[in-house]
Each structure stands twice: as C-alpha cells, then as structure tokens.
Amino acid sequence: MHQPLSLFDKWIQENNELVNKWKEQEGGGDTLTRDQNQNHTHLIWCSSEFHKLLRKIQGIPPSADHTQLELTVVYNACVCLIAQSQFLEAEVLLTQATQRVLQMTGDGSFASDPPVFWKTALKSVGNTALNPCVMYLLCLQWAIWLATCKLQTIQELQDELLSVFETLSSGVWEEERSVPRRKSSDIPLPVLEQRRLIKLIHICTFIAQGAERLSEGRSSEALSGLQSASSLPAPRTLISYTHLLSGSCLAHMSRPQMALQCYRMALETDSQCVCALYQSMLIYRQLGNTQAEIQALRLLHSTLMLPSATEPSPAGSDLLPSSLLLQTPSLSSMLSVPSALSVLHSLALKCVLHERVSDGVEYYLDLLAALHSEDQPGVHAEGPSLPKLPELYLQAGAALLMARRPADCMALCDEVITTTLELLPGKVVLKEPEECEDETRAVCAEVEDRVGMLFWVGAAYLLQGHCYTHLRDWKQAVTTYTRCLNLLVKVRFKKRGFQPQIPSADMVGMQGTDLCILQRLKGLSLAGRGISFTQTDQLREALRDLQLSIQAFPEGTGAGLWCGEVLWRLGRKREAVACWEKTWSVSPHFSVQSLSVYLHEPQSGPLLDSTELHRRIEELNST
C-alpha cells in the first residue's frame with residue numbers, strides 16, 4: 001500500500017522540483033536573447049519559491065534531522081539572490097542560517113566580525129554531519145566577498161578558505177552522501193553544484209588578488225599566484241585571464257618578450273581574449289616595432305567587429321558567471337579595451353605616420369563612414385574616446401592630400417568650414433594655465449571650445465591652401481592662406497598682470513598647447529603664401545612672408561629653405577647661405593608625430609633639393 005509522504009519528504013520533493021525546473025529552463029529556448037530574458041524571469045520566480053519553502057521549514061524549531069534540507073534550501077535561495085546581485089540580502093540569510101546551526105550545537109555566542117563569526121562556525125560543527133553544509137554556506141559568503149571586492153576579508157580567512165576548498169573539491173563529502181542509505185530522490189538537490197562553485201570562486205580569487213597586487217606595484221607576488229592559478233581546472237576564459245595578467249606583471253617588470261609569450265598563451269586559450277591582443281599591441285608600440293603594432297591593430301579591429309561569441313556556457317555558469325565575481329576596479333581597468341572605432345582611428349593614424357598612406361586613407365574613410373552609420377559595433381567599449389568629428393575630418397583630409405587626392409581633401413575641409421565658420425567668435429584670448437585656474441571650469445571649457453573651433457577652420461583653410469599649391473593654382477593658394485591668417489590674427493595671448501597681446505614664438509611653452517598650435521598654423525600659412533609668391537616672382541612679398549613664418553615657427557624647414565632661395569634670387573647670396581645653414585642646424589624640440597597630422601609640413605607642392613643647395617654653397621665658397 002502507498003505510504004503518504006511526510007512533511008519532510010514533501011519539502012525535499014518541492015525543493016528538487018524547483019531545482020529541476022530551473023535546470024530545464026536554463027537548457028531550453030530558441031535564441032540567446034530570449035533565453036536571457038526567460039532565465040531572468042524564471043530566476044526571480046525560483047528565488048521567491050525557495051524563500052517560501054524556507055519559511056515553511058524554519059517555521060518549526062531547528063532539528064538535526066531537518067538541517068541538511070534547511071541548509072540546502074538556504075544555499076539555493078542564496079545562489080538565486082547572488083545571481084541577482086542582491087548581496088546584502090544573501091549575506092543576511094547566510095548569517096541567520098548559520099546562527100541556527102550554532103544554536104543546535106549549543107554555541108549561542110555570535111561574533112559581529114565576519115571572519116571571527118565564520119571561524120567560530122567551522123570550529124563548532126567540527127567533524128559533525130553539519131560540517132559540509134556550513135562549508136557550502138561559507139563558500140557562498142566567499143563568493144559575496146569576491147563580488148563586493150572585499151579581498152581583505154578573504155585574506156584574513158585565507159587558511160580556512162583554503163582548507164574548505166581542499167576538503168570540498170576532493171569530493172569526500174559527496175562520496176559520503178552518495179552511500180545508498182536513502183534513495184536519491186530523498187536527497188535535497190542544489191541548484192548549483194557545490195564543487196563547481198568552489199572551483200569557480202577559487203580561481204576567481206586568484207585572478208582578483210593578482211589584479212589588485214599588480215595595481216599596487218607588487219608584480220612579482222602577483223605573478224607567483226597567477227602562474228599557480230593557470231594550471232587549475234577552470235573555464236578557458238578564466239585561464240586566459242591568468243595568462244593575461246601574468247603578461248601584465250612581466251610587462252611591469254620590464255620583460256616585454258616574456259609578456260608577449262603570456263599574451264600569446266591567453267589568445268591560444270581563448271581566441272576571444274581581445275585584451276591580450278590590445279596589450280600585445282601596446283608592447284609592440286613600446287618596443288618601437290611599428291610593423292607588428294600595425295598588424296596587431298588590424299587584428300584587434302577585426303576581432304572587435306565580430307559579434308560576441310554565442311557558444312553555450314557550461315552548466316550552472318549562467319547562475320553565477322565569473323563576470324559577477326570579478327568586479328574589482330583594478331581588474332576592470334586591465335580588461336578594458338578601446339572601441340572598434342578608436343582602434344580603427346589608431347590604425348589609420350599609425351599608417352599615415354609611417355609611410356603607409358594609401359592604407360591610412362582607406363581606414364580614415366572607413367572610420368568616417370562608420371561614424372555616419374547607425375551600425376557601429378564595439379562603440380561602447382571602454383578606453384580612449386575618439387577625437388571630435390572636425391578633427392577627424394582634418395586628419396583624413398591631410399591623409400588624402402598626402403595620397404595626392406587634393407579634390408577629396410578640399411571636400412572634407414569645406415565640410416569643416418561650412419559647419420563651423422558661423423560659430424566662430426569675434427576674438428579669442430588665450431591665457432596662461434595659472435590664470436585659467438582662477439576661473440570657473442565652465443568658463444575655461446567655453447574658451448577651449450571657441451579656440452578649438454577657430455583652429456579647426458584655420459587648419460581647414462591651411463589644408464586647402466596646400467591643395468591649391470599642389471594643383472599649382474598660386475593665386476587661389478595665396479587667397480586661401482590669407483583666409484587662414486585673417487582668422488589667426490583674432491587670437492591674443494594674455495600673461496598674468498598684462499594686457500592681451502599678439503603671440504610670438506618666444507611665448508610658446510609646452511608642445512600641444514593652444515599657443516603652440518596657433519604659432520604652427522601661422523607659420524605654415526605664412527610659409528605657404530610666401531612659397532606661392534615665389535612661383536609668381538613676387539619676391540619682395542615672398543621674402544616678407546617667409547621671414548614672418550620663421551619668426552612665428554622657427555623650426556619650419558620649408559620656410560627657411562625658401563627664404564634662402566628668395567635671398568639668392570635677389571642677389572643676396574651670403575645671406576641665403578646663412579639662412580640655409582641655420583635652417584639645417586635647427587633641431588626640433590619635439591617629435592612631429594606628437595602633433596596632429598594636419599599640422600605637419602606639406603610634402604607636396606614646390607620642394608627644394610638640399611643637394612642642389614649644398615652644391616651652390618660650394619660653388620660660392622670656391623669663388
């Protein structure tokens with residue numbers, strides 16, 4: 001005759017039905033997006049049902065016969081809470097459940113300090129049958145500490161947690177539970193296999209601690225732990241993180257080649273580990289290996305443009321994914337990568353600066369097309385942001401001019417001019433950084449915006465002047481360079497305690513400052529106009545502009561050489577020789593590559609042959 005189920009058996013059956021329903025839901029579905037939405041809804045429902053069941057069980061006084069069931073339901077309810085990032089609620093539930101266990105063992109003293117509380121709990125249950133259940137709850141508390149970045153608390157309990165890991169991962173307790181004293185249906189099931197949980201949080205702890213130690217400058221200590229973790233049985237994504245962080249440690253220890261080997265191992269372990277690609281690119285840049293850097297940028301961009309991997313995750317990982325447990329700021333920073341568009345911009349610029357102009361032009365055009373498209377994969381990734389659109393137009397325009405495509409360059413410059421010209425202020429006053437600090441941030445930002453717009457339009461006119469020079473349209477070139485100069489004369493520089501005045505070269509301080517950009521724009525425009533005058537034999541006007549260009553921008557090679565050429569044509573040959581020699585002796589104060597590409601001296605248009613100039617000097621000296 002069929003025996004009616006006891007209340008205890010009904011509760012076990014109810015727990016197991018909830019667990020089985022979750023696992024069925026987790027494995028079903030048609031599409032990834034629908035799976036995620038359905039799983040989240042079902043997770044909320046399961047969490048609610050586990051809590052209802054727990055209230056029923058805890059409605060009776062704690063009993064040793066029911067403790068395994070009660071703690072299993074507590075475990076399941078807490079897993080659901082942690083999966084929803086409800087860490088405080090899960091922590092309260094864990095503490096209350098453990099306190100009930102301590103009451104059963106006759107230990108009624110509860111410490112408020114978490115490490116002390118859990119040490120007391122482990123000692124109280126000792127080698128009793130409740131020991132594994134309390135260990136499982138401690139594992140969940142460990143996961144909460146990990147997810148909430150409380151690494152110091154984990155460090156304080158390091159010995160106890162290591163002992164728990166070794167005990168539970170060995171499977172001894174599972175073997176004892178599998179002894180056929182009762183049917184499998186009489187055993188309460190966990191919603192997430194405990195051995196899987198303990199292995200997950202163990203390697204995640206190594207990774208989080210390694211990232212934290214690395215950020216604190218303890219690279220050698222971090223490397224030791226990460227190398228140990230790399231041999232643990234774990235998902236390939238986590239193993240790739242250990243190789244990635246090991247590479248970062250080695251990079252900080254000035255071992256770039258060994259770092260590259262680690263990054264390669266990270267990619268071999270998980271082909272989706274784009275962070276390893278990004279870090280490899282940075283190492284190549286540091287080593288000055290431009291070819292390898294460009295190849296790494298290309299591969300990084302193509303990888304970022306791929307849709308995210310959609311292969312199924314191992315069972316149970318949907319509940320507590322590693323991303324939930326690895327949220328320390330130091331690790332997040334190390335795992336961040338630029339957006340696909342930012343990488344494409346770096347690739348375009350790098351190609352243009354290293355004599356791969358045709359490739360650079362295509363990348364710039366792809367970048368501009370993507371910015372005007374609604375479909376922009378990888379835009380929301382972290383990392384350095386893109387320059388503003390007018391800046392990108394100007395960079396692309398300069399690249400097009402280098403590629404001998406002046407008409408396309410002028411079209412992009414026209415776009416900058418037409419969208420910005422009407423917004424230009426009547427005048428702009430540049431101030432010393434110390435004086436700007438006295439003003440509000442909003443005022444400084446407004447001034448910077450106005451200066452930026454004026455420089456964009458000025459640079460657009462400058463590039464168009466270069467285009468007309470390339471096309472040998474000298475009259476239009478003079479007109480366009482003059483438009484640039486007419487804009488730049490609106491700018492005044494103000495020193496503390498003085499009235500605004502016209503800037504000069506001796507006022508230029510650090511590279512990249514607004515004053516430096518202003519003087520370079522002015523010098524290049526005057527040089528361009530002076531060179532154009534030389535082509536129409538207006539030598540007096542040419543000499544005036546070229547000398548003014550040298551004053552504004554003493555490092556300008558083109559202005560110095562052409563100034564000597566004009567002096568030579570005017571019969572002032574000794575002055576011409578002195579001008580040429582002075583130009584050749586000037587050494588730049590900073591790398592041209594640190595400047596925006598449109599601020600480089602043009603490589604098209606009329607050029608002087610230095611060999612021919614040296615020949616003239618020798619002939620003059622021999623007479």
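Everything that follows concerns the structure shown earlier in this document.
Residues numbered from 1 in each chain as written. Predicted model: local features only at pLDDT ≥ 70, side-chain atom pairs only at ≥ 80, totals over all residues. Heavy atoms only, no water.

Let's hear about the overall build of the protein: which residues, and what values?
When you go through the protein residue by residue, the secondary structure sums to 29 helices and 2 strands. For the protein, with 623 residues in total, the buried portion stands at 48%. As displayed, the protein has an accessible area near 30,300 Å², and 51% of this comes from carbon and sulfur atoms. (Helix = DSSP H or I, 4+ residues; strand = E, 2+ residues; numbered from the N terminus. Buried < 20%, exposed > 50% of the residue type's maximum accessible area, 1.4 Å probe, protein only. Areas by Shrake-Rupley, 256 points an atom, 1.4 Å probe, with all protein chains shown as cover.)

So, the state of the cysteines: which residues are in play, and what are the values?
Summed over the entire model, instances satisfying the criterion amount to 0 disulfides. In this model cysteine 249 remains outside any disulfide bridge; the closest cysteine sulfur is found in cysteine 262, 8.8 Å from its own. By relative accessible area, which is 0% here, cysteine 249 ends up buried. (Disulfide = S-S within 2.5 Å.)

Before we move on, could you go through the nonpolar core and cite the residues and values that matter?
Grouped together as the largest cluster of nonpolar side chains are 170 residues, with contacts concentrated most on Trp118 and Ile201. If you tally residues by element for this core, the top one is helix 6 (residues 131–147), at 14 residues. Judged by nonpolar contacts, the second largest core, of 22 residues, contains Val478, Ala559, Leu561 and Val577. (Core = buried A, V, L, I, M, F, W, Y, C linked by side-chain atoms within 4.5 Å.)

Describe unusual backbone geometry, naming the residues involved and giving the relevant values.
Here serine 254, not a glycine, exhibits a phi torsion of approximately 60 degrees, which is positive. Along the polypeptide, serine 254 turns up in the loop between helix 12 (236–252) and helix 13 (256–269). With a relative accessible area of 61%, serine 254 lands in the exposed category.

Quick rundown of the packing of helix 19 (residues 357–371) against helix 20 (residues 389–402)? Include the residues and the values.
Contact geometry of helix 19 with helix 20 gives a least axis separation of 9 Å together with a crossing angle of 150 degrees. The angle between helix 19 and helix 20 places the two elements in the roughly antiparallel class. As for how helix 19 packs across helix 20, the hand of that crossing is left-handed. Along the contact surface, helix 19 presents Val357, Val361, Tyr364, Leu367, Leu368 and Leu371, while helix 20 presents Leu389, Leu392, Tyr393, Gln395, Ala396, Ala399, Leu400 and Met402. Looking at the contact of helix 19 with helix 20 residue by residue, the class counts come to 13 nonpolar, 1 polar and no charged. (Axes fitted to C-alpha atoms, helices over the stretch in contact; angles between N-to-C directions. Parallel < 35°, antiparallel > 145°, perpendicular 65-115°, else oblique. Left-handed = near helix turned anticlockwise from the far one by under 90°. Contact = heavy atoms within 4.5 Å. Nonpolar A, V, L, I, M, F, W, Y, C, P; charged D, E, K, R; others polar.)

Mind laying out helix 6, listing which residues take part and the relevant values?
Taking 1.5 Å of rise per residue, the 17 residues of helix 6 would be expected to cover 24 Å, and the 24 Å separating its terminal C-alpha atoms lies within 8% of that figure. Downstream of helix 6 by one or two residues, cysteine 149 has phi in the positive range, about 65 degrees. (Expected span 1.5 Å × (residues − 1).)

Mind laying out the packing of aromatic side chains, listing which residues take part and the relevant values?
All chains considered together, the criterion is met by 3 aromatic pairs. Ring geometry for phenylalanine 117 versus tryptophan 118: centroids 5.5 Å apart, planes at 85 degrees, classification edge-to-face. Residue tryptophan 118 is classed as buried on the basis of its relative accessible area, which comes to 1%. (Phe/Tyr/Trp six-rings, centres within 6.5 Å; stacked < 30°, edge-to-face > 60°.)

Can you explain the environment of phenylalanine 455? Please cite residues and give values.
Inspection of the secondary structure assignment puts phenylalanine 455 in helix 23 (residues 441–470). Taking the C-alpha atoms as reference, phenylalanine 455 lies 8.6 Å from leucine 487; in sequence the two are 32 residues apart. With sequence-adjacent residues up to four places away left out, phenylalanine 455 is seen in contact with Asp514, Ile517, Leu518 and Leu521.

For the environment of serine 333, give the residues involved together with the corresponding values.
Its place among the elements puts serine 333 in helix 17 (residues 329–335). We classify serine 333 as partly exposed; its relative accessible area is 49%. Taking the C-alpha atoms as reference points, serine 333 and serine 215, 118 residues apart in sequence, are found 9.6 Å from one another.

Quick rundown of the side chain of threonine 420? Include the residues and the values.
Position of threonine 420 relative to the elements: it lies in helix 21 (residues 406–420). Relative accessible area serves as the criterion here: at 5%, threonine 420 is assigned to the buried category. If sequence neighbours within four positions are ignored, threonine 420 has contacts with Met453 and Val457.

I'd like a rundown of the environment of proline 390, residues and numbers included.
Summarising the element assignment, proline 390 is placed in helix 20. Of the residues examined, proline 390 reaches a relative accessible area of 18% and is grouped as buried. Along the primary structure proline 390 and valine 457 are separated by 67 residues, whereas in three dimensions their C-alpha atoms are 8.9 Å apart. Proline 390 has contacts with Val416 and Trp456, leaving out every residue within four places of it along the chain.

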